Amino acid sequence: MNRPPSANQPSLLVVEDEQDLLEVLRFSLDREGFSVRTAENGEDAIRLVREQRPDLIVLDLMLPTIDGLAVCRAIRSTEKTRDIPIVMLTARGEEADIVRGLEAGADDYVTKPFSPKILIARIYAVLRRSAPVGEGVVEAGGVRLDPERHEVTADGKQVDLTATEFNLLRLLVLKPGRVYTRQQIIDLMHEGFVAVTDRSVDVQVVSLRRKLGAAGERVQTVRGVGYRFGE
Ligand code: CA
């Protein structure tokens, strides 16, 4: 049954060309209380996003003609739509696709096959962390950063970090659970980050983990993709 849309129901656009999967998703997301629109190809997706802005887009990467990456870039390159969160759907084991999708502007991903429950949890997490963040103190999972005083504590204990480590940790802690590729980390850390290779990001992460002690386990490697701060 389709519920009437209301102001507190997040609206979703689901883009998927496999009709069986699309129906399962439509049913599950509708039952969860989302207001759901669907598209089966990239052209329709771009048109629907421009007609009426959804709160979040679930986007399959493998679409006929205009693929998900191109849809992602089109949405990100338009002023009115560039900040809409995108959760992409990718094939299992396609780590290169995940990296390309994140770098094209997707906020998160779910690999097929997945249960609707997993996707719903991911949608809520992305909606939560897409709220604008200020310049103030950030805190998650026992780690607290005060940018003004350049102070970091992990489980209440003070930690001495270099400017680069501080910026890297701040980037990760600002959006717990969000996966960043090495290239995104390099691009997003404009301050105090002199090194520009993938390998140097890995070196920073190793040092950061060591300094954070037990909380360092939260700086997680996502194999073949990048890093995230565990929720
Ligand atoms: Ca597909």
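The structure reproduced in this document is the subject of the present report. The numbers attached to residues start from 1 for each chain and follow its sequence in the written order. Note on the predicted model: pLDDT of at least 70 is required for a residue's local features to be given, and 80 or more for side-chain atom pairs to be given and counted; whole-chain, interface and lining totals, by contrast, use all residues. Working from all heavy atoms in the structure, the side-chain values ignore hydrogens and water.

A closer look at the sheet that holds strand E3 (residues 56–60)
Taken in spatial order, the five strands make up an open sheet running E2-E1-E3-E4-E5, and their pairing is parallel. Looking at the sheet topology across the chains shown, the edges are occupied by strand E2 (35–39) and strand E5 (108–112). Between one strand axis and the next, the sheet turns by 20 degrees as a mean value, whatever way the strands run. Where strand E1 (residues 11–15) meets E2, five bridges bridge the pair, whose relative direction is parallel. In the sheet register, Leu12 faces E2, and the bridge partner there is Val36. Contacting E1, E2, strand E4 (86–91) and E5, helix H1 (residues 19–31) crosses the sheet at an angle of about 165 degrees to E2. Two residues qualify as a contact provided that any one of their heavy atoms is within 4.5 Å of a heavy atom in the partner residue. What counts as an axis is a line fitted to C-alpha atoms, over the stretch in contact for a helix, and the angles between N-to-C directions run from 0 to 180 degrees. Starting at the N terminus, helices and strands are each numbered in turn, a helix being any DSSP run of H or I of at least four residues and a strand any DSSP run of E of at least two. Across the sheet, helix H5 (residues 116–129) touches E1, E3, E4 and E5, and the angle it forms with E5 is around 170 degrees. DSSP bridges decide pairing: two strands pair if at least two such bridges lie between them.

A few points about the coordination of the calcium ion
Metal donors: N, O and S atoms at distances within 2.8 Å, or within 3.2 Å for Na, K and Ca, with water omitted from the atom set so that some sites may seem incomplete. Within the protein, the atoms that donate to the calcium ion are Asp17 (OD), Asp60 (OD) and Met62 (O), at distances of 2.1 to 2.3 Å. Here the donor residues of the calcium ion are spaced in sequence according to D-x42-D-x1-M. Note that Asp17 is positioned in the loop between E1 and H1 and Met62 in the loop between E3 and helix H3 (68–76), a separation of 45 residues in sequence. Accessibility expressed as a relative area gives 61% for Met62, which makes it exposed. The classification of residues rests on relative accessible area computed with a 1.4 Å probe and restricted to protein chains. Under 20% of the type maximum is buried, over 50% is exposed, and intermediate values are partly exposed.

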